[in-house]
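If you want the building blocks of each chain, they are given just below.
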Amino acid sequence: MIHLLINENYPIIAFIGILFAFVCTCLFTAKLKKYLPTDAGRDFAHDGKLSAGKPRGAGIIFTLVFAASGLIFANLSVELGIYIFLVVVEMLTGYLDDASDKPWGEWKKGLLDLLVAAVAAITYYYFNGSTIALAMLGIEVTIPPVIFILLAIILVWASINVTNCADGVDGLSGTLTIITLGTIYIISEIQGLGGEFGFLNLIFIVCILGYLWYNATPSLLLMGDAGSRAMGFFISIAILKTGSPFLYLLVAFVLLVDGGLGLVKVSLIRVFKIHILKNTRTPLHDHVRKILGWSNTQTVFRFAIIQIVISVAAVYIVMM
């Protein structure tokens, strides 16, 4: 019935859907946070012990509200339905880790992320092909299918993990994700590619906003891996849907640098015994707080400002 109404009066239903997503996220978070597992604090993060005892895994709430809102208010294609399913799967892998007495190992989580990334990459290729735009050069290229799928898997896997690593300061990863998704939405509208996925993008943004209502410093609860992994996955699909995947380097620049430096540093040490950035704490948000003395609020605002400036430049590039 709702889908029939959407066809006749889509703007009003879409407006209601966005409000529905935000209000439900706020209400369910307030009512259900007491049932979430509690955080034990992180030994190696700056001020990591301050999070001890707070409910974590709140990503399960805003992700399920997003999925429900999409199913109710959006005219979903098979492709978009698969993406919503995969967002929920990625959230559940994170939540099960959040709720586990013994944290899952990196290899286990990495393999699960790889499987989700592979399904997402194949799905995208099946419905969209392997032609991409190079926005800075104003040209399109068609990549051989196997190479495209491998590159898409790398993009999805990397986005999941850098977003997860960037989650360590109240409001930081959520705020950066909103800026990134907002930028992607604007780019998609400029390109005329918004459509139904653009609506899902807006729903995801307001669901994160509902979560941030409770996560602003000093936070009442934490999204956990359930939220950060779902956000990272959705970002990767959103940038793929623009047809210009290399724009990820700009629209998610701060997430990539903040979370990615730690992944590169640890990987080089473990695999090649190469030590880099010896005087730099990672994730970078720990470095600026511990070494530079930034407060949590300064870290969130300054990182957000940097990303907004880069995002404005990215939008300008697309418009040219």
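A few words now on the environment of Ile237. Assignment of secondary structure puts Ile237 in helix H8 (residues 224–241). Sequence separation between Ile237 and Phe127 is 110 residues, and the spatial gap between their C-alpha atoms is 13 Å. Each residue touching Ile237, except ones within four places of it in the same chain, is listed here: Tyr83, Ala120 and Phe197.

Moving on, we come to the confidence of the model for the protein chain. Chain-level statistics for the protein chain give a pLDDT mean of 90 and a share of 93% at 70 or above. Across residues 1–6 the pLDDT falls below 50, and counting only partners more than four positions away or on other chains, this stretch makes 14 contacts in the model.

Here the focus is empty space enclosed by the protein. One way to see where empty space is left: roll a probe the size of a water molecule over the atoms. Evaluation of the coordinates by the stated rule reveals 2 cavities of 30 Å³ or more. Estimates place the volume of the largest cavity at around 60 Å³. Looking at the largest cavity, the residues that line it are Tyr185, Ser188, Leu193, Gly194, Phe197, Gly198, Asn201, Ala238 and Lys241. Broken down by secondary-structure element, the contributors of at least two residues to the lining of the largest cavity are helix H6 (172–191), helix H7 (195–215) and H8.

The next subject is unusual backbone geometry. In this model, Thr217 is joined to Pro218 through a cis peptide bond whose omega is -10 degrees. Relative to the assigned elements, Pro218 resides in the loop between H7 and H8. Here the residue pair Thr282 and Pro283 is connected by a cis peptide bond, since its omega of -5 degrees sits within 30 degrees of zero.

Attention now goes to the layout of surface pockets. Approximately 310 Å³ is the volume attributed to the second largest pocket. Taken together, 14 residues form the lining of the second largest pocket, with Leu151, Ile154, Leu155, Pro245 and Phe246 sitting closest to its centre. Elements supplying a minimum of two residues to the lining of the second largest pocket: helix H5 (145–165) and helix H9 (248–251). When residues in the lining of the second largest pocket are grouped by element, the largest group, 6 residues, is from H5. Taken together, the residues of the lining of the second largest pocket sort by class into 14 nonpolar, no polar and no charged.

So, about the nonpolar core. Formed by 84 residues in total, the largest nonpolar core has its most connected members in Phe66, Leu181, Phe204 and Phe233. Considering each element in turn, this core owes the most residues, 12 residues, to H7. If sequence neighbours within four positions are ignored, Phe66 has contacts with Ile84, Val87, Leu200, Ile203, Phe204, Cys207 and Phe234.

Turning our attention to the packing of helix H4 (residues 106–128) against H5. Interhelical geometry of H4 versus H5 gives an angle of 135 degrees and a closest axis separation of 8 Å. Between H4 and H5, the interaxial angle falls into the category oblique. Of the two elements, H4 crosses H5, and the hand of that crossing is right-handed. Listed contacts from H5 to Gly110, Asp113, Leu114, Ala117, Ala118, Ala121, Ile122, Tyr124 and Tyr125 of H4 are Pro145, Phe148, Ile149, Ala152, Ile153, Val156, Trp157, Ile160 and Asn161. Taken together, the residues of the contact of H4 with H5 sort by class into 15 nonpolar, 2 polar and 1 charged.

A word on the packing of H7 against H8. It is the contact of H7 with H8, at a shortest axis distance of 11 Å, that shows an interaxial angle of 155 degrees. Between H7 and H8, the angle falls in the class roughly antiparallel. H8 is crossed by H7, and the crossing has left-handed handedness. Together, Phe197, Leu200, Asn201, Phe204 and Ile208 of H7 and Ala230, Met231, Phe234, Ile237, Ala238 and Lys241 of H8 make up the contact between the two elements. Here the residues of the contact of H7 with H8 are counted per class, giving 9 nonpolar, 1 polar and 1 charged.

Time to look at the pairing of strand E1 (residues 131–134). Of the strand pairs in this sheet, E1 and strand E2 (residues 139–142) are connected by 4 bridges, and their pairing is antiparallel. Considered in E2, the bridge of Leu134 is made with Ile139.

The terminal C-alpha atoms of H6 lie 29 Å apart, and with 20 residues this matches the ideal 28 Å at 1.5 Å per residue to within 8%. Phi turns positive one or two residues past the end of H6, at Gly192, with a value near 75 degrees.

All right, on to the side chain of Thr93 then. One can find Thr93 in helix H3 (residues 78–99). Within the local environment of Thr93, its side chain forms a polar contact with the backbone oxygen of Glu90, the two atoms lying 2.7 Å apart. Those residues within four positions of Thr93 in sequence are excluded, and the remaining contacts are Trp104, Leu112 and Arg229.

Position of Glu90 relative to the elements: it lies in helix H3. In this structure, Glu90 is buried with no salt-bridge partner, the nearest side chain bearing the opposite charge being Arg229 at 4.1 Å. Setting aside residues up to four positions removed in sequence, Glu90 forms contacts with Asp113, Val116, Ile160, Arg229, Ala230 and Phe233.

Reading guide: rules and limits
- Residues numbered from 1 in each chain as written.
- Predicted model: local features only at pLDDT ≥ 70, side-chain atom pairs only at ≥ 80, totals over all residues.
- Heavy atoms only, no water.
- Helix = DSSP H or I, 4+ residues; strand = E, 2+ residues; numbered from the N terminus.
- Contact = heavy atoms within 4.5 Å.
- pLDDT = per-residue confidence, 0-100.
- 1 Å grid on protein atoms, 1.4 Å probe; cavity = no way out; pocket = protein on both sides within 12 Å on 5 of 7 lines; lining within 4 Å.
- Points joined across faces, edges and corners; volume = space filled by probe spheres on them.
- Nonpolar A, V, L, I, M, F, W, Y, C, P; charged D, E, K, R; others polar.
- Core = buried A, V, L, I, M, F, W, Y, C linked by side-chain atoms within 4.5 Å.
- Buried < 20%, exposed > 50% of the residue type's maximum accessible area, 1.4 Å probe, protein only.
- Axes fitted to C-alpha atoms, helices over the stretch in contact; angles between N-to-C directions.
- Parallel < 35°, antiparallel > 145°, perpendicular 65-115°, else oblique.
- Left-handed = near helix turned anticlockwise from the far one by under 90°.
- Pairing = 2+ DSSP bridges.
- Expected span 1.5 Å × (residues − 1).
- Polar contact = N/O pair within 3.5 Å; in protein donor to acceptor, adjacent residues only side chain to side chain.
- Lys, Arg positive; Asp, Glu negative; His and termini not counted.
- Salt bridge = Lys/Arg side-chain N within 4 Å of Asp/Glu carboxyl O.

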